[in-house]
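Close look at the chain arrangement
Now for the letters of each chain:
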Amino acid sequence: MLSTQRGGKPAAPEGYVGSEELLFGRAIGALPESASLAVAAHAELCPEASSIVHRHKAVAGALIETLEPATLNEGALDRALKAIAGEEQASVAPLAAEAARDGLDLPAVLRRYVGPDVDALRWKRVMKGVREAELPVSDGAVCRTRLMHIDSGRPVLQHGHNGLELTLLLQGAYGDCTGEYRRGDLQVADEEIDHKPVAFGGEDCLCLVVTDAPIRFTGPFGGLLNLFVRYK
Ligand code: ZN
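What comes next is a walk through the structure. (Residues numbered from 1 in each chain as written. Predicted model: local features only at pLDDT ≥ 70, side-chain atom pairs only at ≥ 80, totals over all residues. Heavy atoms only, no water.)

Let's shift gears to the overall build of the protein. Of regular secondary structure, the protein possesses six helices and twelve strands. Out of the 232 residues belonging to the protein, those deemed buried represent 47%. Nonlocal contacts in the protein, meaning residues at least 24 apart in sequence, comprise 64% of its contacts between residues at least 6 apart. Here the protein displays about 11600 Å² of accessible surface, and carbon together with sulfur accounts for 55% of that area. (Helix = DSSP H or I, 4+ residues; strand = E, 2+ residues; numbered from the N terminus. Buried < 20%, exposed > 50% of the residue type's maximum accessible area, 1.4 Å probe, protein only. Contact = heavy atoms within 4.5 Å. Areas by Shrake-Rupley, 256 points an atom, 1.4 Å probe, with all protein chains shown as cover.)

A few words on the nonpolar core. If you look at the biggest cluster of nonpolar residues, it comprises 34 residues, and the most contacted ones within it are L110, L147 and L208. Mapped by element, the contributors of at least two residues to this core are α1 (19-27), α2 (33-45), α3 (47-66), α5 (108-114), β5 (165-171), β8 (186-189) and β11 (205-211). Counting residues per element, this core draws most heavily on α2, which supplies six residues. Judged by nonpolar contacts, the second largest core, of 15 residues, contains M127, M148, C205 and F217. (Core = buried A, V, L, I, M, F, W, Y, C linked by side-chain atoms within 4.5 Å.)

A cluster of nonpolar residues, F221, L224, L227, F228 and V229, forms a patch on the protein surface that exposes about 610 Å² of accessible area. The residue F228 is located in helix α6 (residues 222-228) in this model. (Patch = residues over 30% accessible without salt bridge, like charges linked within 9 Å, V, L, I, M, F, W, Y side chains within 5 Å. Salt bridge = Lys/Arg side-chain N within 4 Å of Asp/Glu carboxyl O.)

Coordination of the zinc ion by the protein involves H159 (NE2), H161 (NE2), E165 (OE), E165 (OE) and H195 (NE2), with metal-donor separations of 2.0 to 2.6 Å. Coordination of the zinc ion draws on donor residues from a single chain, spaced H-x1-H-x3-E-x29-H in sequence. Placement of H159 in strand β4 (residues 159-161) and of H195 in strand β9 (residues 194-195) is noted, with a sequence separation of 36 residues between them. Like H159, the residue H195 is buried in the burial classification. (Donors = N, O, S within 2.8 Å, 3.2 Å for Na, K, Ca; no water.)

Written as structure tokens, this is what we have:
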């Protein structure tokens, strides 16, 4: 499901950035590596998103052919052309022809960052039932990119956002005030969203999460937590 906004709800709730901008950004190579990874992995799992990216690429390619060379600087034009041609290079080396050992069916673009075994990543406990492992991206100084594992039935602390938070569901499901999200769904939360995702369905939840700003804790102890914890 192309679900940057709606999760299990029929209509998009307010406060979500539209998916089209992200898919268009992916199509023309305008996204930083972290967001590009999330959107590319989303497109692998969601045929609707994939077809939109390809449609944008076709339109962007036609547009670029009409531009004078001076309209875009050399670097931007080169990136756009590579993206449209599907020749973008990730900052990580391609995974060797080694079979995945963790039994997870991850998108190929994400597997290049994760390696053959998610359990071999450096996982850190965030809170009870929640842990995460950083992934290397070229814009890591600005955006955090990580896998997050939430035990079945466990919540993430209630929080709001000071920027964008992209969450791609890879396994399991979670629900919040905006709806329910399952494998392949990409939730885009911004400053307008205050939520408390809870893993449900009897299966642990595995997500790819990209954030470009610290979150704000908004639960019962949120004010206190914000004094001591800066969590991006
Ligand atoms: Zn959030």
